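Structural features, examined
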Amino acid sequence: VGLRTEGVFVSLQEPSLYTVKAILILDNDGDRLFAKYYDDTYPSVKEQKAFEKNIFNKTHRTDSEIALLEGLTVVYKSSIDLYFYVIGSSYENELMLMAVLNCLFDSLSQMLRKNVEKRALLENMEGLFLAVDEIVDGGVILESDPQQVVHRVALRGEDVPLTEQTVSQVLQSAKEQIKWSLLR
């Protein structure tokens, strides 16, 4: 689809909900701590790692928040020993990508009690996975409010499957259920 105006051909992009191509968190050596790719721009792990090294080398010494790299829009932020990246296509709205980045960072900041650094993140990877799943699903932005994300992660964290509970937790839960059934 295109548009011709005064001899110049302008390509129009179809609007899409699939905004985010990837979310990455790298450490201060450029090594992957978390990576979630939502399309097959980089289908193999080898290509993903090469892209991550490239992105880290181009961004880790700069103070800016946005870069165009390999035909992609990259918004990023650093904190102590972590680098957070949200990647979209070159025609993607940078403000939308930045909203995802800020939501992820602010959610983690609340979940980690303002201690957004590598060790704390590694100790709470389950929370990170849940937060990312609440913010973006399949490349579609679902939530940009960190309060909502933290609330939903806390709710999902309480629903521990029976197989992952300790014996005392199972007994306590059974006692509660019996008590409530007798009080009815």
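Residues numbered from 1 in each chain as written. Predicted model: local features only at pLDDT ≥ 70, side-chain atom pairs only at ≥ 80, totals over all residues. Heavy atoms only, no water.

Here is the rule: UniProt positions are given in the numbering used here, feature names are shortened, and annotations may be inferred rather than shown by experiment.
As recorded in an unreviewed UniProt entry, the protein chain goes by Coatomer subunit zeta and comes from Macaca fascicularis. Heading Sequence similarities (unreviewed entry) of the UniProt record for the protein chain holds this comment: "Belongs to the adaptor complexes small subunit family." Check the Subunit (unreviewed entry) section of the UniProt entry for the protein chain; it says "Oligomeric complex that consists of at least the alpha, beta, beta', gamma, delta, epsilon and zeta subunits."

Focus on the overall build of the protein chain
For clarity, the cut-off: Put simply, DSSP marks the helices as runs of H or I at least four residues long and the strands as runs of E at least two long, and each gets a number from the N terminus on. Relative accessibility under 20% of the residue-type maximum defines a buried residue, over 50% an exposed one, and the middle range a partly exposed one, all with a 1.4 Å probe and only protein chains included. Contacts: residue pairs with any heavy atoms within 4.5 Å of one another. Here the Shrake-Rupley method, with its probe set to 1.4 Å, supplies the accessible areas, and only the displayed protein chains count as covering residues.
Within the protein chain, the regular secondary structure consists of 6 helices and 9 strands. When burial is assessed residue by residue, the protein chain has 38% of its 184 residues classed as buried. Restricting to contacts in the protein chain with at least 6 residues of sequence separation, those with at least 24 account for 50%. In the structure as shown, the protein chain presents an accessible area of about 11400 Å², 53% of it carried by carbon and sulfur atoms.

Observations regarding the nonpolar core
Generally speaking, nonpolar side chains in soluble globular proteins are found buried as a group. Selection rule: The definition of a nonpolar core used throughout is a set of buried Ala, Val, Leu, Ile, Met, Phe, Trp, Tyr and Cys residues joined through side-chain atoms within 4.5 Å.
Membership of the largest hydrophobic core comes to 33 residues, with the highest contact counts inside it found for Ile23, Ile25, Phe84, Leu108, Leu121 and Leu128. Every element with two or more residues in this core is listed here: strand 3 (20-27), strand 4 (32-37), strand 7 (82-89), helix 2 (94-111), helix 3 (118-123), helix 4 (125-135) and helix 5 (146-158). No other element matches the 9 residues that helix 2 contributes to this core. Setting aside anything within four residues of it in sequence, one finds isoleucine 25 in contact with Asp31, Arg32, Leu33, Phe34, Leu82, Tyr83, Phe84, Leu108, Leu121 and Leu128. Grouped together as the second largest cluster of nonpolar side chains are 15 residues, Tyr42, Phe51, Leu72 and Val74 included.

Details of the packing of aromatic side chains
The cut-off we apply is this: Centre distance within 6.5 Å is the pairing criterion for rings of Phe, Tyr and Trp, where only the six-membered ring of Trp is used; planes under 30 degrees apart are then read as stacked, over 60 as edge-to-face, and the remainder as tilted.
Considering all chains together, one arrives at 6 aromatic pairs under this definition. Ring centres of tyrosine 42 and phenylalanine 51 lie 4.4 Å apart, and the angle between their planes is 20°; on these two criteria the pair is classed as stacked. In this structure phenylalanine 51 comes out as buried when scored by relative accessible area, which is 2%. Aromatic rings pair up to connect Tyr37, Tyr42 and Phe51 into one cluster.

Remarks on the side chain of aspartate 81
The following threshold applies: His residues and chain termini do not enter the charge count, which takes Lys and Arg as positive and Asp and Glu as negative. The term salt bridge refers to a side-chain nitrogen of Lys or Arg lying within 4 Å of a carboxyl oxygen of Asp or Glu. Whenever a nitrogen or oxygen atom comes within 3.5 Å of another N or O atom, the pair is scored as a polar contact, on the condition that within protein one atom can donate a hydrogen and the other can accept it, and that pairs from neighbouring residues in sequence are kept only if both atoms are in side chains.
The residue aspartate 81 is located in the loop between strand 6 (72-79) and strand 7 in this model. Lysine 118 provides the closest opposite charge to the buried, salt-bridge-free aspartate 81, at an N-O distance of 6.3 Å. For aspartate 81, the side chain forms a polar contact with the main-chain nitrogen of lysine 118, separated by 2.9 Å. With residues near it in sequence (within four places) discarded, aspartate 81 still touches Leu26, Asp27, Asn28, Glu117 and Lys118.

Section: the pattern of salt bridges
Taken as a whole and judged by the stated rule, the model has 9 salt bridges. Across the pair aspartate 39 and lysine 21 runs a salt bridge, and its minimum N-O distance is 2.5 Å. Separated by 18 residues along the polypeptide, aspartate 39 in the loop between strand 4 and helix 1 (45-59) and lysine 21 in strand 3 bring together distant segments of the chain. Here lysine 53 and aspartate 31 are joined by a salt bridge, their closest N and O atoms 3.5 Å apart. You can see lysine 53 sitting in helix 1 and its partner aspartate 31 sitting in the loop between strand 3 and strand 4, a full 22 residues away along the chain. On the basis of relative accessible area, lysine 53 is assigned to the partly exposed category, the value being 36%.

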